[in-house]
Amino acid sequence: MIKMYIKPTCSTCRTAMQMAKECETEIEMIEYLIDTPSEKELLELTQQLGVKPFDLVRTKESLYKEKYEGKKISDKQWLKILHKNPILIERPIITDGTHAIIGRPPTLIADFLNKKQKTKKKSK
């Protein structure tokens, strides 16, 4: 199953949700500001994405600029910060449990979902 971490008021997330509706693959929508990923889940997402926790940070958010910009923060600390302040998590994130992408630009979402659909059709 594919999971999509979204914020419904985000235009890119709305685009992702529309793409998901058109997709033949089952997708679980997770409003990450309400159902915040645990530190373990965030670590797993970074591993699936192949990035460091800081790469999930929305550096244009005022919270980042006010509290964290320019500070030396470890990967483990970033996981705690992102869990406690999910507004800082980049969005949307789409994962199949093995691989993940950050859906910016939205064409990445379409490519990811299309690959999953083709894989699903081949396995039938």
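Up top you'll find the structure we're talking about.
Residues numbered from 1 in each chain as written. Predicted model: local features only at pLDDT ≥ 70, side-chain atom pairs only at ≥ 80, totals over all residues. Heavy atoms only, no water.

**So, the pattern of salt bridges**
Piece 1. In the structure shown here, the tally under the stated rule is 5 salt bridges.
Piece 2. Note that Lys-52 and Asp-75 form a salt bridge whose closest N and O atoms lie 3.4 Å from each other. Taken as a pair, Lys-52 in the loop between helix H2 (39–49) and helix H3 (62–67) and Asp-75 in helix H4 (residues 75–84) lie far apart in primary sequence, 23 residues in all.
Piece 3. Salt-bridge contacts for Arg-58 lead to Glu-90; the nearest nitrogen and oxygen are separated by 3.3 Å. Here Arg-58, found in the loop between H2 and H3, pairs with Glu-90, found in the loop between H4 and strand S3 (93–95); they are 32 residues apart in sequence, far enough to count as distant. No difference in accessibility class separates Arg-58 from Glu-90, as the two residues are buried.
Piece 4. Salt bridges sharing partners connect three or more residues here, namely Arg-58, Glu-61, Glu-90 and Arg-104. (Salt bridge = Lys/Arg side-chain N within 4 Å of Asp/Glu carboxyl O. Helix = DSSP H or I, 4+ residues; strand = E, 2+ residues; numbered from the N terminus. Buried < 20%, exposed > 50% of the residue type's maximum accessible area, 1.4 Å probe, protein only.)

**A word on the sheet that holds strand S1 (residues 2–6)**
Adjacent strands of a sheet pair through backbone hydrogen bonds, lying either parallel or antiparallel.
Piece 1. Taken in spatial order, the 4 strands of this open sheet run S2-S1-S3-S4, and their pairing is mixed. Edge strands, defined here as strands with exactly one partner in the open sheet, are strand S2 (27–31) and strand S4 (100–102). Recorded for the sheet is a direction-independent mean angle of 15° between the axes of neighbouring strands.
Piece 2. Bridge analysis of S1 against S2 gives 5 bridges, and the strand direction is parallel. From the neighbouring strand, Tyr-5 faces S2, where its bridge partner is Ile-30.
Piece 3. Along the sheet, helix H1 (residues 11–22) makes contact with S1 and S2, crossing S1 at roughly 155°.
Piece 4. Packed on one face of the sheet, H2 meets S1, S3 and S4 and runs near 90° to S4. (Pairing = 2+ DSSP bridges. Axes fitted to C-alpha atoms, helices over the stretch in contact; angles between N-to-C directions. Contact = heavy atoms within 4.5 Å.)

**Here we look at the packing of aromatic side chains**
Piece 1. What the rule picks out here adds up to 4 aromatic pairs.
Piece 2. With a centroid separation of 6.1 Å and 50° between ring planes, the pair formed by Phe-54 and Tyr-64 is classed as tilted. Of this pair, Phe-54 sits in the loop between H2 and H3 while Tyr-64 is found in helix H3, placing the two residues 10 residues apart along the sequence.
Piece 3. Here Tyr-64 falls in the buried class, since its relative accessible area comes to 8%.
Piece 4. Each residue in the set Phe-54, Tyr-64, Tyr-68 and Trp-78 is aromatic and connected to the rest through ring pairs, giving one cluster. (Phe/Tyr/Trp six-rings, centres within 6.5 Å; stacked < 30°, edge-to-face > 60°.)

**A word on unusual backbone geometry**
Piece 1. In this model, Arg-91 is joined to Pro-92 through a cis peptide bond whose omega is -15°.
Piece 2. Within the fold, Pro-92 resides in the loop between H4 and S3.

**Focus on the packing of H2 against H4**
Piece 1. Relative to each other, H2 and H4 sit at 115°, their axes nearing to 9 Å. Two packed elements cross with a definite hand, and for H2 against H4 that hand is right-handed. When H2 is examined against H4, the residues Glu-39, Leu-42 and Leu-43 are found in contact with a partner set consisting of Leu-79, Lys-80, Leu-82 and His-83.
Piece 2. Considered class by class, the residues forming the contact of H2 with H4 number 4 nonpolar, 1 polar and 2 charged. (Left-handed = near helix turned anticlockwise from the far one by under 90°. Nonpolar A, V, L, I, M, F, W, Y, C, P; charged D, E, K, R; others polar.)

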